[in-house]
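What follows is the residue order along each chain.
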Amino acid sequence: MAKEGLTRNDLGRETFIDRVWRWKEEYGSRIILQLKRLGASCDWSRTRFTLDSGLSQAVREVFVRLYEEGYIYRGDYIINWCPRCQTALSDIEVEHHTLNGHLYYIKYPLKLSTPHSPLPTLSVATTRPETMLGDTAVAINPNDGRFKALNSQVAILPILNRELPIIEDDFVDPEFGTGIVKVTPAHDPNDFEMGKRHYLQEINILNPDGTMNANAGPYENLDRFECRKRLLGDLEEGGYLEKTEDYLLSVGHCYRCQTIVEPYLSKQWFVAMKELAKPAIEAVREGRVRFIPNTWERTYFEWMENVKDWCISRQIWWGHRIPAWHCRNCGRINVSRKEVQVCECGSSNVDQDPDVLDTWFSSALWPFSTMGWPEATLDLKTFYPTSVLSTGFDIIYFWVARMIIMGLKFMNEVPFKEVYIHGLIRDADGQKMSKSRGNIIDPLVVINQYGADSLRFTLAILTLQGRDILLSEERISGYHHFCNKLWNAARFILMNIEGYLPKEDPSKSEPQLCDRWILSRLNQVIKSVTNNLERCNFSQAAQNLYEFIWHEYCDWYLELTKLQLYGSNESEKRATQERLIATFETILSLLHPFMPFITEELWSQLPGRKEESILMASNWPKVSESSIDRESIREMELIKEVVYHIRNIRGEMKVPPDKQPKALIKVPEGETLTLLEVHRGYITFLGRISELVCGPSITKPPSSAAAVIQEMELYLPLEGMIDIDRERERLEKELNEVEEEIKRTDLKLSNEDFRAKARIEVFEREKRKKDELNTKRLRLLENLRELAVG
Ligand SMILES: [Zn+2]
Ligand SMILES: [Zn+2]
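Every value quoted in this text rests on a predicted model; they were computed, and no experiment measured them. (Residues numbered from 1 in each chain as written. Chains lettered and ligands numbered in written order. Predicted model: local features only at pLDDT ≥ 70, side-chain atom pairs only at ≥ 80, totals over all residues. Heavy atoms only, no water.)

Caption draft 1: The arrangement of helix α7 (residues 296–305) in detail. E297, T299, Y300, F301 and M304 are the residues of α7 that are buried. Residues of α7 that are buried in the fold lie against α6 (274–285), β11 (290–292) and α11 (396–411). (Buried < 20%, exposed > 50% of the residue type's maximum accessible area, 1.4 Å probe, protein only. Helix = DSSP H or I, 4+ residues; strand = E, 2+ residues; numbered from the N terminus. Contact = heavy atoms within 4.5 Å.)

Structural data, given as structure tokens:
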């Protein structure tokens with residue numbers, strides 16, 4: 001509209017509202033579309049809008065009931081007024097510009113009611129001298145020792161000769177001007193508050209068009225700036241103007257026409273909040289509503305315990321119009337659920353109040369107004385109270401608190417049990433995203449490039465409770481790889497179950513170590529992910545899944561199943577296929593809340609799917625405690641460690657992939673040896689080893705690389721595999737490092753301070769560490785010797 005050079009007044013109320021509805025149709029559906037692309041799973045048949053007719057009925061009902069019970073009243077309030085547009089402006093519609101102005105020091109005579117008064121006059125400083133015509137007091141700070149003698153005296157307003165009480169108020173800044181200020185409750189928001197505290201009179205000196213009214217005495221009908229000029233002349237002439245200083249001041253301007261805005265007293269509608277807030281405070285105190293993280297409860301209490309009456313009227317056209325009709329005949333205000341055409345006095349000369357309700361008024365009713373209240377509908381019975389509200393901290397006051405208040409007042413029950421306060425999304429450096437910084441990440445652009453699942457998973461894993469989300473495209477691209485990893489895992493599984501038909505009776509083949517291990521780990525992951533989700537630890541839940549799927553399921557389990565899938569044992573192959581499907585299904589279920597699109601698609605490709613079944617409607621995985629075999633986890637960890645060291649040596653020594661060295665492990669008789677013997681297949685396969693020899697009497701072969709793993713010593717003979725000199729260098733480097741570490745530990749252990757202060761366990765741990773380092777040192781020395789012999 002601004003582009004067309006139109007104001008709402010040019011259009012008129014009805015045309016304007018028409019246009020807003022059209023805008024709403026277009027952008028409202030765009031927002032829904034964005035939510036759908038993000039994968040928000042809502043019942044879209046139930047989308048509601050605060051101006052729907054059902055909701056309008058609820059708004060009227062609440063307004064009338066609160067009015068009838070005396071909670072809603074009319075009162076004076078300071079608002080921002082544009083004298084040119086002749087409309088009230090909300091705070092965000094006022095633009096502040098710094099202007100070169102003046103600070104005027106004006107002398108106010110004292111009434112001198114006591115003969116002991118030390119001063120004939122006092123001096124106040126102001127940037128808007130014309131407002132003095134509306135002064136109703138003079139104020140000092142109670143802690144300002146300079147003006148003690150003024151307390152409870154009376155000053156005289158120059159020109160109008162009004163008597164002004166001298167009051168004490170903490171709000172007065174002793175540093176501003178003389179430390180004495182004039183108080184104009186009708187034309188300054190801070191003075192208005194001060195006036196309320198001290199029961200001061202409010203004198204309005206302005207007409208709506210910015211000219212002076214009768215209260216301005218000799219200046220009546222002058223424009224406000226002309227009045228300022230004349231008044232200053234008169235003050236000068238009367239000897240009241242002490243001095244004038246240049247002064248930089250921030251002045252509010254109308255965002256539409258750039259006219260200087262006036263703080264203006266006007267009749268507004270209010271809700272008395274004190275009584276209504278009490279049960280809402282109790283509800284949170286008693287834990288019937290919990291904030292997550294709970295530090296926000298302090299913010300909530302702070303606000304609720306100092307709650308002010310809520311100004312609910314707005315001088316705009318878009319919104320719920322206030323259901324009050326003013327009678328021009330008798331002046332009565334008729335508040336009604338239905339359109340009023342005839343006043344109680346019989347006159348039909350009635351107008352509906354032009355104001356609309358603050359948008360938060362209808363929002364406060366959302367949890368029950370959307371369910372058909374005030375009717376006792378089935379929806380209301382089924383869906384009220386709700387469970388979780390997720391929102392930003394910036395609207396705890398505006399929205400959350402008021403929903404709790406209204407829910408308790410009209411439903412006798414809290415509207416939700418948990419309030420999850422999410423962080424704000426910032427860029428990687430913690431900067432707020434803004435157009436001018438050029439650091440905005442557009443969700444739709446990112447979704448087009450990486451998919452909604454990558455974005456969702458990134459947001460989830462970065463969502464640490466109580467902290468902002470530092471988002472970057474690199475992170476999203478990084479978790480895009482995770483989506484690919486999952487996709488490739490599915491490809492591997494689908495490829496290896498080709499021709500597989502689910503049968504009634506599961507295959508009888510005994511699970512192998514890797515099967516028992518993955519099932520144990522999977523159940524532990526179900527447990528941790530479920531717990532974390534229940535506690536709204538989204539980041540930890542996502543982290544659990546990421547680590548498990550990538551670094552256990554894909555890296556180890558899928559590799560090991562190859563031994564069973566490509567083996568000659570048919571029933572084992574079949575059992576492995578069954579387990580692959582079952583474990584992958586569970587993984588998809590766990591991932592579904594984070595990645596709904598890819599998981600739904602992959603799930604539909606698994607065998608045995610019925611047309612109409614969807615993952616989204618399937619049950620959340622349950623933990624099977626009996627499937628958690630801790631022994632299998634310990635055993636697999638040991639095998640993984642051996643393989644890890646073999647791979648490590650291969651990597652560091654640059655053993656070419658096609659070479660398959662032999663591996664020897666020196667290990668005492670016992671469980672470990674048995675384990676290695678039984679699962680030598682895993683180790684040779686994963687470590688690409690030609691042969692594994694283990695036993696207590698193994699000696700280090702010449703020219704072999706070595707690693708120490710728990711009670712084992714691992715040797716890889718490198719003769720014919722690599723460059724021996726380089727291995728010697730590596731060992732020397734490690735020896736150096738170990739010797740440095742021993743020195744550091746020695747120093748620590750002999751430090752008096754450490755000996756005196758460290759707890760016994762810490763001290764013991766350091767001693768143990770030193771012993772281990774010494775053992776390692778001796779082995780390294782020995783290995784070096786071995787290599788030298790070669
Ligand atoms: Zn204006
Ligand atoms: Zn009437």
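Caption draft 2: Structural detail: the coordination of the zinc ion (ligand 2). Looking at the zinc ion (ligand 2), one finds its protein donor set to be C327 (SG), C330 (SG), C343 (SG) and C345 (SG), positioned 2.2 to 2.3 Å from the metal centre. Angles of 104 to 115 degrees at the metal separate the four donor atoms of the zinc ion (ligand 2), which places the site in the tetrahedral class. All donors to the zinc ion (ligand 2) come from one chain, and their sequence spacing reads C-x2-C-x12-C-x1-C. One end of the pair, C327, is in strand β14 (residues 324–327); the other, C343, is in the loop between β15 (333–335) and β16 (350–352), with 16 residues separating them in the sequence. Looking at C327, the relative accessible area reads 5%, which means it is buried. (Donors = N, O, S within 2.8 Å, 3.2 Å for Na, K, Ca; no water. Tetrahedral: all angles 85-135°; square planar, octahedral: opposite > 155°, others 65-115°.)

Caption draft 3: Structural detail: the pairing of strand β7 (residues 163–168). Of the strand pairs in this sheet, strand β5 (residues 137–140) and β7 are connected by three bridges, and their pairing is parallel. By the bridge assignment, I140 is partnered in β7 with E168. Judged from the three bridges that link them, strand β6 (residues 154–156) and β7 form a sheet pairing that is antiparallel. Bridging across to β7, I156 finds its partner in E163. Between β6 and β7, which pair antiparallel and follow one another directly, the connecting turn spans six residues, one of which, I159, has a positive phi of 70 degrees. (Pairing = 2+ DSSP bridges.)

Caption draft 4: Spotlight on the coordination of the zinc ion (ligand 1). Donor atoms from the polypeptide that bind the zinc ion (ligand 1) are C82 (SG), C85 (SG), C254 (SG) and C257 (SG), placed at 2.2 to 2.5 Å. For the zinc ion (ligand 1), the four donor atoms in the first shell make angles of 105 to 113 degrees at the metal, a pattern classed as tetrahedral. For the zinc ion (ligand 1), the donor residues sit on a single chain with the sequence spacing C-x2-C-x168-C-x2-C. Of this pair, C82 sits in strand β1 (residues 72–82) while C254 sits in strand β9 (residues 241–254), placing them 172 residues apart in sequence.

Caption draft 5: Summary view of the pattern of salt bridges. Applying the stated criterion across every chain, the model contains 50 salt bridges. Linking R30 and E26 is a salt bridge whose minimum nitrogen-to-oxygen distance equals 3.3 Å. One end of the pair is R30 and the other is E26, both in helix α2 (residues 13–37) and four residues apart, which spans about a single turn. Judged by its relative accessible area of 41%, E26 is partly exposed. One salt-bridge network, held together by shared partners, links E61, R65, E68 and R337. (Salt bridge = Lys/Arg side-chain N within 4 Å of Asp/Glu carboxyl O.)

Caption draft 6: Structural view of the packing of aromatic side chains. On inspection of all chains with the given rule, the structure shows 35 aromatic pairs. Judged by centre distance (5.4 Å) and plane angle (15 degrees), the rings of Y73 and F270 are stacked. Taken together, the positions of Y73 in strand β1 and F270 in strand β10 (residues 262–271) put the pair 197 residues apart, joining distant regions of the chain. Since its relative accessible area comes to 5%, F270 is described here as buried. Plain terms: the ring middles of Y553 and Y557 are 5.7 Å apart, the flat faces sit at 35 degrees to each other, and that makes the pair tilted. Of this pair, Y553 and Y557 both sit in helix α16 (residues 538–565), four residues apart, which is roughly one turn of that helix. Grouping residues by exposure puts Y553 and Y557 together as buried. Aromatic rings pair up to connect F457, Y479, F482, Y546, W550 and F594 into one cluster. (Phe/Tyr/Trp six-rings, centres within 6.5 Å; stacked < 30°, edge-to-face > 60°.)

Caption draft 7: Local environment of empty space enclosed by the protein. The full count for this structure, using the stated rule, is one cavity of 30 Å³ or more. Surrounding the largest cavity, E130, T131, H187, I205, L206, M212, R224 and E262 form its lining. Across the lining of the largest cavity, the residue classes break down as three nonpolar, two polar and three charged. (1 Å grid on protein atoms, 1.4 Å probe; cavity = no way out; pocket = protein on both sides within 12 Å on 5 of 7 lines; lining within 4 Å. Points joined across faces, edges and corners; volume = space filled by probe spheres on them. Nonpolar A, V, L, I, M, F, W, Y, C, P; charged D, E, K, R; others polar.)

Limitation: the analysis is restricted to geometry and does not speak to function.
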